Amino acid sequence: MAKPLIGVETIYNTALRILDEQGSEALSVRNLAAALQCSTRTLYQQVGKREELLRQLLDFYFAHIQLDFSRQASWQESSTSWAHAMRSALLAHPNLSRHLTVENRTAIADYVNQLLRVLLEHAFPEELALRSARVLTHTVIGLVLAEIDTPPAQIRRKRRSSKEIEFEDLVIARSGKTANSSEFQDSPEVFSTAVNWLVRGMESELEGSAGER
């Protein structure tokens, strides 16, 4: 009797665990088969090669998360909340998220549509809503992927000149933290600032479109 195939959810969850615990290089069909105690032939039959597995895993992950963002009274608050919720979803599994490309845009299409609906409900012209959602999505993904690949603060400081370190220490001091404080992180601050600037730009575009009508 032929051995029954392994459930796809079991395959994806095991692959995700390997990515989280061991990193991208550790995810191979051979290692995954060993973890599942099955043959590589069985895996190739179900999920294909590594590249296909990664695409399917991205689709699986984003299809099963609940994007925790608040549809606030204003579209500005909703858009900001959406951006931070998407960041959290991407950072939850960084070794998976770093494989997200434009080819996987369908994986997050439902979440982009959630943002789009918010903008349309607040009287955004369709073209402006589409453009705003697209720009915000690309910005969020780009910033988070950069954050994932950014070395720890200690390593970054070693690569900087004395003048750069002096300026950084001044910025940290003004924030009320210390250079060695685990609470001080520049990536979240940069992310929040970028999102706020984008939302302000969307406000300006919306006001301009209202004046043309």
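Up top you'll find the structure we're talking about.
Caption draft 1: Inspection of the overall build of the protein chain at higher detail. Counting its regular elements, the protein chain contains 11 helices and zero strands. Listing the helices and strands of the protein chain from first to last along the sequence gives α-α-α-α-α-α-α-α-α-α-α. Here the protein chain, with 213 residues, has 38% of them falling under the buried criterion. Counting every atom, the protein chain has about 13,000 Å² of accessible surface; 50% of that belongs to carbon and sulfur.

Caption draft 2: Fine view of the pattern of salt bridges. All chains considered together, the criterion is met by four salt bridges. Across the salt bridge formed by D149 and R98, the nearest N and O atoms sit 2.7 Å from each other. Of this pair, D149 sits in the loop between α8 (126-148) and α9 (153-158) while R98 sits in the loop between α6 (94-97) and α7 (109-121), placing them 51 residues apart in sequence. Residues participating in the shared-partner salt-bridge network are E127, R131 and E205.

Caption draft 3: How the structure looks around the packing of aromatic side chains. With the rule as written, the count across this model stands at four aromatic pairs. Note on W75 and F124: the rings are 4.9 Å apart at their centroids and 85 degrees apart in plane angle, and the pair reads as edge-to-face. Here W75, found in helix α5 (residues 75-92), pairs with F124, found in the loop between α7 and α8; they are 49 residues apart in sequence, far enough to count as distant. The buried category is assigned to F124, whose relative accessible area is 4%. Taken together, the aromatic side chains of Y61, F62 and Y111 make up a single cluster linked through ring pairs. In this structure, R87 packs its charged tip against the face of F191, placed 5.5 Å from the ring centre.

Caption draft 4: Region of the structure containing the side chain of T137. Following the sequence through the fold, T137 ends up in helix α8. Looking at T137, the relative accessible area reads 9%, which means it is buried.

Caption draft 5: Local environment of the nonpolar core. Membership of the largest hydrophobic core comes to 58 residues, with the highest contact counts inside it found for I11, L43, F62, W82 and V140. Where this core is concerned, the elements lending two or more residues are α1 (8-22), α2 (29-36), α3 (40-47), α4 (50-63), α5, α7, α8 and α11 (186-212). The dominant element in this core, judged by the number of residues it contributes, is α8, at nine residues. Apart from residues lying up to four places away in sequence, L43 is in contact with I11, V29, L32, A33, L36, C38 and G48.

Caption draft 6: Up close: the packing of α7 against α8. Close contact between α7 and α8 brings their axes to 9 Å; oriented N to C, the two are set at 140 degrees. By the angle between their directions, the pair α7 and α8 is classed as oblique. Read as a crossing pair, α7 and α8 show a hand that is right-handed. For the pair formed by α7 and α8, the contact residues are V112, L115, L116, L119 and L120 on the first element and E126, A129, L130, S132, A133, L136 and T137 on the second. Considered class by class, the residues forming the contact of α7 with α8 number nine nonpolar, two polar and one charged.

Caption draft 7: Spatial organisation of the side chain of S24. For S24, the location among the structural elements is in the loop between α1 and α2. One polar contact links the side chain of S24 to the main-chain carbonyl oxygen of N95, over a distance of 3.4 Å. Residues in contact with S24, not counting those within four places in the same chain, are L19, R50, N95, R98 and H99.

Caption draft 8: Representation of α3 within the structure. Buried within α3 are the following residues: T42, L43 and V47. Along α3, the residues classed as buried sweep out an arc of 95 degrees about the axis, all on the same side. Turned more than 90 degrees away from the buried face of α3 sit R41 and Q45, all of them exposed.

What counts, and at which threshold
- In this numbering scheme, every chain counts its residues from 1 along its sequence in written order.
- Given that this is a predicted model, residues contribute local features only at a pLDDT of at least 70 and side-chain atom pairs are listed and counted only at 80 or more, while totals for whole chains, interfaces and linings are drawn from all residues.
- To get the side-chain values, take all heavy atoms of the structure and skip hydrogens and water.
- Every helix listed is a DSSP run of H or I at least four residues long, and every strand listed is a run of E at least two residues long, numbered separately from the N terminus.
- Burial status follows relative accessibility: with a 1.4 Å probe on protein chains alone, a residue under 20% of its type maximum counts as buried, one over 50% as exposed, and anything between as partly exposed.
- Where accessible areas are quoted, they stem from the Shrake-Rupley method and a 1.4 Å probe; at the residue level, only the protein chains shown are allowed to cover.
- Should a side-chain nitrogen of Lys or Arg be within 4 Å of a carboxyl oxygen of Asp or Glu, the pair is scored as a salt bridge.
- In this analysis, rings of Phe, Tyr and Trp, with Trp reduced to its six-membered ring, are considered paired at centre separations within 6.5 Å, and the interplanar angle assigns stacked below 30 degrees, edge-to-face beyond 60, and tilted for intermediate values.
- Lysine and arginine charges are scored as sitting over a ring when NZ or CZ, respectively, is within 6 Å of the ring centre and within 35 degrees of the ring normal.
- Take the buried residues of types Ala, Val, Leu, Ile, Met, Phe, Trp, Tyr and Cys, join any two whose side-chain atoms come within 4.5 Å, and each joined set is a nonpolar core.
- The contact definition used throughout considers only heavy atoms, calling two residues in contact when any of these lie within 4.5 Å.
- Where helices are involved, their axes are fitted lines through C-alpha atoms of the stretch in contact, as for all axes, and angles between N-to-C directions lie from 0 to 180°.
- In what follows, roughly perpendicular refers to angles from 65 to 115 degrees, roughly parallel to angles under 35, roughly antiparallel to angles over 145, and oblique to any angle outside these ranges.
- A clockwise turn of the near helix away from the far one marks a right-handed crossing, whereas an anticlockwise turn of less than a right angle marks a left-handed crossing.
- Charged residues are taken to be Asp, Glu, Lys and Arg, nonpolar residues to be Ala, Val, Leu, Ile, Met, Phe, Trp, Tyr, Cys and Pro, and polar residues to be all remaining types, Gly included.
- N or O atoms closer than or at 3.5 Å make up a polar contact, with two conditions inside protein: a donor-capable atom paired with an acceptor-capable one, and, for residues adjacent in sequence, both atoms drawn from side chains.
- Think of the arc as the fan of directions from the helix axis to the C-beta atoms.

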